[in-house]
Amino acid sequence: MKKIFMAIGSLALACGLAFGVAACDNGGVTEYSINVAGGGSSVGISQAQDGTVELGMASSKVEGEDAEGIEVYAICQDGIAVIVHNDNALDNLTIAQLKDIYTGAVTDWSGVEGATATGEIAVAQREDGSGTRSAFLELIGVEDATTLVNAANTSNSTGTMMEYVAGNPQAIGYISLGSLDDSVSAVKIAGVEATTDNVLSGDYTLARPFNVMYQQDTMDSNDLLADFFTFLKSSQAHDIIVEEGYVSGLASAPEYKVPETLPTTGEIDVAGSTSVQPLMTKLAEAYTKLLNAALAETTEEAE
Amino acid sequence: MKNNQVQAGTGGAAAAAIPSVNKAAAVREILMRILFAVAAAVFIVVVLVICVYLFVSAVPTISEIGWIDFLFGDRWLPSSGYYGVGTLVVGTACATAGALVVGVPIGLLVAVFMAFYCPKPLYSFLKPLTNILAGIPSIVYGYFGLQLIVPMVQQMFHAASGTTLLTTAIVLGIMIMPTIISITENSLRAVPKSYYEGTIALGATKERAIFRTMFPAAKSGVMTSIILGLGRAFGETAAVVFICGNSAQFPTSLLDPIRTLSSNIALEMGYARHLHREALIACAVVLFVFILLITLLVMLLRRKEK
């Protein structure tokens, strides 16, 4: 027969009462939490290097001096598709052409080779503050937003942007690759088609990695961090990444299962890129929910 | 005030004279009075809290940005540190003016038709129709504008984009029509019939009687309807954000996209943080101040009427 009691108050005490329960092995952790803060990619890199946080986040490549003393892992890729109306036969654009269009150096479709649309280019963009917008501007090399076309049609969601482009033969816009469907046409960038595979292989240039950085020592000694990494490489993480519109390379990843012995570390801090932050928050929430549910089970049940 | 006290006094005296019967009634009366007072107090507190909250949160923000930079700046690019609402105020003003140009003439003429020309069977159809038009949620107007007016404007004028000042003016014009129609019709009907009969008796035609006698007599009602329509167009958000193009720039033609104060808030609230978010609240305050001025105008007109 199963005897159930509720543990109210200190978990260490509950462990003392319920002999031989798995929760007793977890060092008295009563709740698992992953604190996700912003700060920017550079903060993520420097804080991971000096150990202020267990995990740093960056929305750009971490190489050379930046990567010194830390390990880098790409959770997913943030790919951006450039879209035009289905009647526009425009096949290919270069990054330089995109910059010209968005800064107003080219304003008419006659100045764009391969385009079958005629007349003025109706430039569509996302609103200030959107992650897709900042990624797009960064990738096409627009550092000063004041140089952008003033008359650009601004939408505050991928859906509205697609509806606008689908309804305007002269329009050009951009969306995250994960949201692309056949209501609009995606343009090749420098001859490379906007597909998940091309983003993952690195051939498609209108994409940026969502990296996390950690120190190998911390990873070896911190079992919560190590377990969180198992989750980041799982099918559950894949589902969340795809749902958020990013490109995931985890399509055939195994399912994450809460380990028999729960982690002995209760808390880790994550900081860095504000572009990665919303996704990381979602991942951390899903992970800690699983872990805390398992923790509650082990403390409530004793034989 | 004095009148009130007298009434309260007589009520009290009556209760004292026949205590057994009226005690319950007196208690009920006091309870109801408290209830009404509480209701009024809640209402006042709500209005005050909104006012105070908006101003308290906006003033430091605007000071931080700089009053001149905020109110007259022609660039709204929060991520790059530009927080000027100049283009937004001009965009809002243009959209509102355009809505009045579209909505007022049609609205007034429909009101005249309904008050003086409309056959009874048609009236019983037309009147509910204006009420339905007033009850349609604004997001539906926005969708209707996006699907119908936006492509129409683009094709008609061979514009690069159909999301323009003109499109916004047309949709907002349609949205304010029911307000203008019903208030104008009511005020035209409120003019004593003898004015009309007297004018006709003097030999005027029906049209002359309506436009030279009835309209001037109903002037303040007509003005109120226009100002209320203006207020609606000014603050409208859900419809506008779909169709105005949301380009923070000074429009140079009817076919330029614009961005209004309200659409700016709706557009950027989602991802705004820190000063950006506070600046959006400051935008709401600018909008609020304009709406306050419009309300004041209506009050002045009403007072003049009395």
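Just so it is clear, the model here is predicted, and its values are computed rather than measured.

Peer 1: Would you mind going over the overall build of chain B in detail, with residue names and values included?
Peer 2: Along chain B, the regular secondary structure elements total 13 helices and two strands. Taking 19 Å as the expected radius of gyration for a compact globule of 306 residues, we find that chain B reaches 25 Å, considerably beyond that expectation. The principal-axis extents of the C-alpha atoms in chain B amount to approximately 80 × 60 × 30 Å. Counting every position in chain B, which comprises 306 residues, the buried fraction comes to 42%. Partitioning the contacts of chain B with sequence separation of at least 6, the portion at a separation of at least 24 is 71%.

Peer 1: An account of the overall build of chain A is requested, with residue identities and associated values reported.
Peer 2: Check the secondary structure of chain A and you find 10 helices and 13 strands. Taken over the C-alpha atoms alone, chain A extends approximately 80 × 45 × 30 Å along its principal axes. Within chain A, buried positions represent 48% of all 303 residues. For chain A, contacts bridging at least 24 residues in sequence account for 75% of all contacts bridging at least 6. Here chain A displays about 13,400 Å² of accessible surface, and carbon together with sulfur accounts for 47% of that area. Each charge class in chain A was averaged separately, 12 positive and 43 negative side chains, and the resulting centres sit 4 Å apart.

Peer 1: Describe the interface of chain A and chain B, naming the residues involved and giving the relevant values.
Peer 2: For interface size, the figure often reported is the accessible area lost on association. Facing the 26 residues of chain A at the interface are 28 residues of chain B. Contact between chain A and chain B buries roughly 1,900 Å² in total, counting both sides, with carbon and sulfur atoms accounting for 47%. Taken together, the connections running from chain A to chain B amount to zero salt bridges. For the pair chain A and chain B, the interface holds 13 residue pairs in polar contact (both at pLDDT 80 or more). Elements with a minimum of two residues in the side of chain A that touches chain B: β6 (122-126), β7 (153-155) and α5 (158-167) of chain A.

Peer 1: Go over a negative patch on the surface with me, naming the residues and quoting the values.
Peer 2: Side chains of E63, E65, D66 and E68 of chain A sit close together on the surface and give a patch of like negative charge. Secondary-structure assignment places E65 of chain A in the loop between β3 (55-58) and β4 (71-84).

Peer 1: Give a description of the state of the cysteines that names residues and reports values.
Peer 2: Residues and elements named next belong to chain B. Following the criterion strictly, the structure yields zero disulfides over all chains and no others. The thiol of C94 is unpaired, and the distance to the nearest cysteine sulfur, on C244, comes to 12 Å. Given a relative accessible area of 27%, C94 falls into the partly exposed group. For the unlinked cysteine C283, the closest cysteine sulfur is that of C244, found at 13 Å. Relative accessible area serves as the criterion here: at 0%, C283 is assigned to the buried category.

Peer 1: Please set out a nonpolar patch on the surface residue by residue, giving values where relevant.
Peer 2: Residue and element names in this part refer to chain B. Taken together, F55, V59, W67, I68, L71, F72, V289, L292, L293, L296 and M299 make up a surface patch of nonpolar side chains, about 1,000 Å² in accessible area. Where the nonpolar patch is concerned, the elements lending two or more residues are α2 (19-65), α3 (67-72) and α13 (274-305). The leading source of residues in the nonpolar patch is α13, at five residues. Following the sequence through the fold, V289 ends up in helix α13.

Peer 1: Requested: an account of the packing of helix α5 (residues 120-135) of chain B against helix α7 (residues 165-190) of chain B, with residues and values cited.
Peer 2: Residues and elements named next belong to chain B. Orientation of α5 relative to α7, taken along the N-to-C sense of each, is 130°, at an axis distance of 8 Å. On the basis of the axis angle, α5 is oblique to α7. As for how α5 packs across α7, the hand of that crossing is left-handed. Here Y123, K127, T130, L133 and A134 of α5 lie close against α7, whose contacting residues are I174, P178, I181, S182, E185 and R189. Of the residues contributing to the contact of α5 with α7, the split by class is six nonpolar, two polar and three charged.

Peer 1: With reference to specific residues and values, describe the confidence of the model for chain B.
Peer 2: Residues and elements named next belong to chain B. Across chain B, pLDDT averages 89, with 92% of residues at or above 70. Counting contacts from residues 1-15, a segment whose pLDDT is below 50, to residues more than four positions away or on other chains yields three contacts. For this predicted complex, the interface confidence reaches an ipTM of 0.78, while the overall pTM sits at 0.77.

Criteria and thresholds
Residues numbered from 1 in each chain as written. Chains lettered and ligands numbered in written order. Predicted model: local features only at pLDDT ≥ 70, side-chain atom pairs only at ≥ 80, totals over all residues. Heavy atoms only, no water. Helix = DSSP H or I, 4+ residues; strand = E, 2+ residues; numbered from the N terminus. Rg over C-alpha atoms; globule rule 2.2 N^0.38 Å. Buried < 20%, exposed > 50% of the residue type's maximum accessible area, 1.4 Å probe, protein only. Contact = heavy atoms within 4.5 Å. Areas by Shrake-Rupley, 256 points an atom, 1.4 Å probe, with all protein chains shown as cover. Lys, Arg positive; Asp, Glu negative; His and termini not counted. Charge placed at Lys NZ, Arg CZ, Asp CG, Glu CD. Buried area = accessible area lost by both parts, 1.4 Å probe. Salt bridge = Lys/Arg side-chain N within 4 Å of Asp/Glu carboxyl O. Polar contact = N/O pair within 3.5 Å; in protein donor to acceptor, adjacent residues only side chain to side chain. Patch = residues over 30% accessible without salt bridge, like charges linked within 9 Å, V, L, I, M, F, W, Y side chains within 5 Å. Disulfide = S-S within 2.5 Å. Axes fitted to C-alpha atoms, helices over the stretch in contact; angles between N-to-C directions. Parallel < 35°, antiparallel > 145°, perpendicular 65-115°, else oblique. Left-handed = near helix turned anticlockwise from the far one by under 90°. Nonpolar A, V, L, I, M, F, W, Y, C, P; charged D, E, K, R; others polar. pLDDT = per-residue confidence, 0-100.

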